[in-house]
There are 2 protein chains.
Amino acid sequence: MKNPRIGLVQMSVCADKEKNLQSAEHGIYEAVSKGADIVVLPEMFICPYITSDFPVFAEPEGGLSWQALSSMARKNNVVLVAGTIPELDGEGNIYNTCFIFDAMGNGIGKHRKVHLFDISLSGGQYFKESDTLTPGNSATVFDTGFCTAGTAVCYDLRFPELFRLMVDHGAELVTIPGAFNMTTGPAHWELLFRTRGLDNQVFMAGCAPARDESGPYISYGNSIITSPWGEILGRLDEKEGVLVREIDLGKLMRIREELPLLKHRRPDVYACRRERGEYQAPPP
Amino acid sequence: MKNPRIGLVQMSVCADKEKNLQSAEHGIYEAVSKGADIVVLPEMFICPYITSDFPVFAEPEGGLSWQALSSMARKNNVVLVAGTIPELDGEGNIYNTCFIFDAMGNGIGKHRKVHLFDISLSGGQYFKESDTLTPGNSATVFDTGFCTAGTAVCYDLRFPELFRLMVDHGAELVTIPGAFNMTTGPAHWELLFRTRGLDNQVFMAGCAPARDESGPYISYGNSIITSPWGEILGRLDEKEGVLVREIDLGKLMRIREELPLLKHRRPDVYACRRERGEYQAPPP
């Protein structure tokens, strides 16, 4: 089977939904021009990353933005992991949701961010997605036509358990629309992509918004693609840009065969959540 | 409570058990002279890292090497995570076992390596611990008198689930006697220590044998101590040496409070191992 090329669209995001959709469309076109078969957009690429804006910009699945994204996938004949937008359900709940489309524009999956980013520091820094968002309740895996892929969103990246669920459902590639900030980005972004890929023997592709120093939430940028061996295959800086890299699925199979980490897991031990046992030592 | 200083003894290992025990004793003395409260020795510091040697060097718990190590802990008044030795049980099984002693020389825990390193590459490289070893079946956590610590051994480092078990039993520090090689060491050693520490918000301390280019198994060395923020607090090169670093338990508590990753886990989602669901998209 053909190795797919992954394209990341590290676009600038502003407060104008129409303009953001246009930027996404231009980025997708550029990525496809460079050979991309699967394109990933950033987290909350449609609105500023402010919790109070999420209800204002929220739309139902199948709404205008969803239709526009479906159309972009179809026109460009590309699999589209459409970043995230605030999704409004029938009960008034809002989710941080990634919609996924095949190259005909059909919806083939969606992921609602499972782990909401809630921090409240003694020093005063405060960010609570849960002020306006509801969390999702499942891992997301879909067939790209090239390989099986999973998607998770930003803070989800910090939770190894979610990656085990994806890989157990067949994921060979995990795409992450994300937006780490200027504290967590330099400290942890690269490290987490490399290790999740290594532990789970999958390719990883993370797409962030370009950095805007004047914005309310300053994105680290640095959209990245890593290998199942923990290598960096490509990485952008903080500016707008498009990154396209082929992923070698044969290499993934060789790594899984030669260092069979996934087979060496010990679910019998992990399931054993008994109390800390008493240890009886011999007399010294 | 006083912050402990962790000492790593990156010693050379040869085929002479007595000489190896002497090297360990000198290293422990040096680490304690430099202020260490908890000392860690390398994996299989008592014999060459060759599967056929394990039965030859194996000893029961409470045997001569165990007694010697207990005595080193007592004489130096130090908590000792005594690397690993091949442990023989009453049924003839051999384990890759880490014994742990308090500063009075009492045995306070032991860890039998849970994940055995078995690789058999098409190109010919072959290493199977399971040829002579039996795996352990549980995670190991103990009280150091300074903090709660866990221990795992080398290849165990590659399995995030084992670290979740340790942290759920209270681990604030995880000590790893290990011996990565010249392929996996440069590629993965640092990455894994930094990320396991970051994900689980624990300090990590990994102790390897010094590199011996003429030996049967060439250790990467690079004994390392990392923080709950994923930082490297100290690291040796490939030569013999002792590394001592204080770990700041107050910092650990601040990180757990400010970025409460452990509380943000979603066991309700992780427990849900159902089949991949069908996704129903709206019409494009």
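Everything numeric in this text was worked out from a predicted model, so none of it was measured.

Colleague: Hey, could you go over the overall build of chain A for me, with residue numbers and the actual values?
Modeller: A tally of regular secondary structure across chain A gives 7 helices and 15 strands. Relative to its length of 284 residues, chain A is compact, with a C-alpha radius of gyration of 19 Å against a globular reference of 19 Å. Taken along its principal axes, the extent of the C-alpha atoms in chain A is 75 × 50 × 35 Å. Classification of the 284 residues of chain A by burial places 61% in the buried group.

Colleague: Explain the interface of chain B and chain A residue by residue, including any values.
Modeller: Counting residues at the interface gives 71 residues for chain B and 71 residues for chain A. Here chain B meets chain A over a buried area of about 5800 Å², counting both sides, of which 59% is carbon and sulfur. Our enumeration of links across chain B and chain A arrives at 4 salt bridges. A salt bridge links Glu161(B) to Arg164(A), with the nearest nitrogen and oxygen atoms 2.6 Å apart.

Colleague: Can you lay out the sheet that holds strand 10 (residues 148-151) of chain B for me, pointing to particular residues and giving the numbers?
Modeller: All names here are of chain B. Read from one edge to the other, the open sheet built from 6 strands follows the order 9-10-11-12-13-14, with strand pairing classed as mixed. A single partner strand is all that each edge strand has here, and the edge strands are strand 9 (140-143) and strand 14 (232-235). Between one strand axis and the next, the sheet turns by 15 degrees as a mean value, whatever way the strands run. Pairing geometry for strand 12 (residues 203-207) and strand 13 (residues 224-226), over 3 bridges, is antiparallel. Its bridge partner lying in strand 13, Ala205 is registered against Ile225. The strands touched by helix 4 (residues 160-168) are strand 9, strand 10, strand 11 (173-177) and strand 12; relative to strand 11, the strand with the most contacts, the crossing angle is about 135 degrees.

Colleague: Please give an account of the packing of aromatic side chains that cites residues and values.
Modeller: Aromatic rings in a pair are described by how distant their centres are and how their planes are angled relative to each other. Residues and elements named next belong to chain A. By the definition in use, this model includes 20 aromatic pairs over all chains. Here the aromatic rings of Tyr49 and Tyr217 are separated by 4.6 Å at their centres, their planes lie at 65 degrees, and the arrangement is edge-to-face. Of this pair, Tyr49 sits in the loop between strand 2 (38-40) and helix 2 (53-57) while Tyr217 sits in the loop between strand 12 (203-207) and strand 13 (224-226); the two residues are 168 residues apart in sequence, bridging distant segments of the chain. When the ring of Phe117 is compared with that of Phe127, the centres are 6.0 Å apart and the planes differ by 40 degrees; the resulting orientation is tilted. Here Phe127 lies in strand 8 (residues 126-128) and Phe117 lies in the loop between strand 6 (107-112) and strand 7 (118-120), a separation of 10 residues in the sequence. For Phe117, a relative accessible area of 8% gives the class buried.

Colleague: Before we move on, could you go through the environment of Leu64(A) and cite the residues and values that matter?
Modeller: All names here are of chain A. Along the polypeptide, Leu64 turns up in helix 3 (residues 64-76). Classification of Leu64 as exposed rests on a relative accessible area of 73%. Sequence spacing of Leu64 and Met182 is 118 residues, and the spatial spacing of their C-alpha atoms is 32 Å.

Colleague: Tell me about helix 1 (residues 17-33) of chain A, and please be specific about residues and values.
Modeller: All names here are of chain A. The end-to-end C-alpha distance of helix 1 is 24 Å, a good match for the 24 Å that 17 residues give at a rise of 1.5 Å each. The complete set of buried residues in helix 1 reads Asn20, Leu21, Ala24, Gly27, Ile28 and Ala31. Projection of helix 1 onto a plane perpendicular to its axis shows the buried side chains occupying an angular sector of 125 degrees, all on one side. Opposite the buried face of helix 1, at more than 90 degrees from it, the exposed residues are Glu18, Lys19, His26, Tyr29 and Ser33. On its buried face, helix 1 sits against strand 1 (5-10), strand 2, helix 3, strand 3 (79-81) and strand 15 (241-246). Between the side-chain oxygen at the start of helix 1 and the backbone nitrogen of Glu18 there is a gap of 3.0 Å, and the oxygen is on Asp16. Where helix 1 ends, the next residue or the one after it, Gly35, has phi of about 105 degrees, a positive value.

Colleague: I'd like a rundown of the relation of the copies chain B and chain A, residues and numbers included.
Modeller: Least-squares fitting of chain B to chain A yields an RMSD of 0.0 Å, with the superposition described by an axial translation of 0.0 Å and a rotation of 180 degrees. Such values leave the two copies arranged in the relation of a two-fold axis.

Colleague: Give me the packing of helix 1 (residues 17-33) of chain B against helix 3 (residues 64-76) of chain B: which residues, what numbers.
Modeller: Residues and elements named next belong to chain B. Where helix 1 meets helix 3, the closest approach of the two axes is 10 Å, and the angle between their N-to-C directions is 20 degrees. When the axis of helix 1 is compared with that of helix 3, the two are roughly parallel. Crossing hand, helix 1 versus helix 3: right-handed. Within the contact between the two elements, helix 1 uses Lys17, Leu21, Ala24, Glu25, Ile28, Tyr29 and Val32 and helix 3 uses Ser65, Ala68, Leu69, Met72, Lys75 and Asn76.

Colleague: So what's going on with unusual backbone geometry? Which residues, and what values?
Modeller: What is expected of a backbone is that most residues other than glycine have negative phi and most peptide bonds are trans. In this structure, Cys154(A) takes a positive phi of about 45 degrees despite not being glycine. Topologically, Cys154(A) is positioned in the loop between strand 10 (148-151) and helix 4 (160-168). The backbone of Met44(B) sits at a positive phi, close to 40 degrees, despite the residue not being glycine. Taking relative accessible area as the criterion, Met44(B) reaches 2% and is therefore assigned buried.

Colleague: Talk me through the confidence of the model for chain A; I want residue IDs and the actual numbers.
Modeller: Averaged over chain A, the pLDDT score is 95; the fraction of residues at 70 or greater is 97%. With pTM at 0.97, the complex prediction returns an ipTM value of 0.96.

Colleague: Can you explain the environment of Ile218(A)? Please cite residues and give values.
Modeller: Residue and element names in this part refer to chain A. Topologically, Ile218 is positioned in the loop between strand 12 and strand 13. With 37 residues separating them in the primary sequence, Ile218 and Asn181 have C-alpha atoms 5.8 Å apart. With residues near it in sequence (within four places) discarded, Ile218 still touches Phe180, Asn181, Met182, Arg211, Asp212 and Glu213.

Colleague: Account for the packing of helix 4 of chain A against helix 5 (residues 184-200) of chain A, with residues named and values stated.
Modeller: Residue and element names in this part refer to chain A. Between helix 4 and helix 5, the shortest axis-to-axis distance is 10 Å and the interhelical angle comes to 45 degrees. Taken together, helix 4 and helix 5 sit at an angle that is classed as oblique. Seen along the crossing, helix 4 lies across helix 5 with a hand that is right-handed. Side by side, helix 4 and helix 5 meet where Pro160, Phe163, Arg164 and Val167 of the first sit next to Arg196, Asp199 and Asn200 of the second. In terms of residue class, the contact of helix 4 with helix 5 is made up of 3 nonpolar, 1 polar and 3 charged.

Colleague: Provide a residue-level description of the side chain of His111(B), including the pertinent values.
Modeller: Residues and elements named next belong to chain B. For His111, the location among the structural elements is in strand 6 (residues 107-112). Only 2.7 Å separates the side chain of His111 from the side chain of Thr140, close enough to count as a polar contact. Within polar-contact distance, the side chain of His111 engages the side chain of Asp156 at 2.9 Å.

Colleague: Please give an account of the pairing of strand 6 of chain B that cites residues and values.
Modeller: A regular strand places its side chains so that they alternate between the two faces of the sheet. Residues and elements named next belong to chain B. Relative to strand 6, strand 5 (residues 94-101) runs antiparallel, the two being bridged by 5 bridges. Paired with Ile100 across the strands is Gly109, a residue of strand 6. Between strand 5 and strand 6, which follow one another and run antiparallel, lie 5 residues, and Gly105 among them has a positive phi close to 90 degrees.

Colleague: So, the pairing of strand 9 (residues 140-143) of chain A: which residues are in play, and what are the values?
Modeller: As paired strands, strand 9 of chain A and strand 10 of chain A are joined by 4 bridges and run antiparallel to one another. Across the sheet, the residue bridging to Val141(A) is Gly150(A), located in strand 10 of chain A.

Criteria and cut-off values
- Residues numbered from 1 in each chain as written.
- Chains lettered and ligands numbered in written order.
- Predicted model: local features only at pLDDT ≥ 70, side-chain atom pairs only at ≥ 80, totals over all residues.
- Heavy atoms only, no water.
- Helix = DSSP H or I, 4+ residues; strand = E, 2+ residues; numbered from the N terminus.
- Rg over C-alpha atoms; globule rule 2.2 N^0.38 Å.
- Buried < 20%, exposed > 50% of the residue type's maximum accessible area, 1.4 Å probe, protein only.
- Contact = heavy atoms within 4.5 Å.
- Buried area = accessible area lost by both parts, 1.4 Å probe.
- Salt bridge = Lys/Arg side-chain N within 4 Å of Asp/Glu carboxyl O.
- Pairing = 2+ DSSP bridges.
- Axes fitted to C-alpha atoms, helices over the stretch in contact; angles between N-to-C directions.
- Phe/Tyr/Trp six-rings, centres within 6.5 Å; stacked < 30°, edge-to-face > 60°.
- Expected span 1.5 Å × (residues − 1).
- Arc of directions from axis to C-beta.
- Polar contact = N/O pair within 3.5 Å; in protein donor to acceptor, adjacent residues only side chain to side chain.
- Least-squares fit on C-alpha atoms with pLDDT ≥ 70 in both.
- Parallel < 35°, antiparallel > 145°, perpendicular 65-115°, else oblique.
- Left-handed = near helix turned anticlockwise from the far one by under 90°.
- pLDDT = per-residue confidence, 0-100.
- Nonpolar A, V, L, I, M, F, W, Y, C, P; charged D, E, K, R; others polar.

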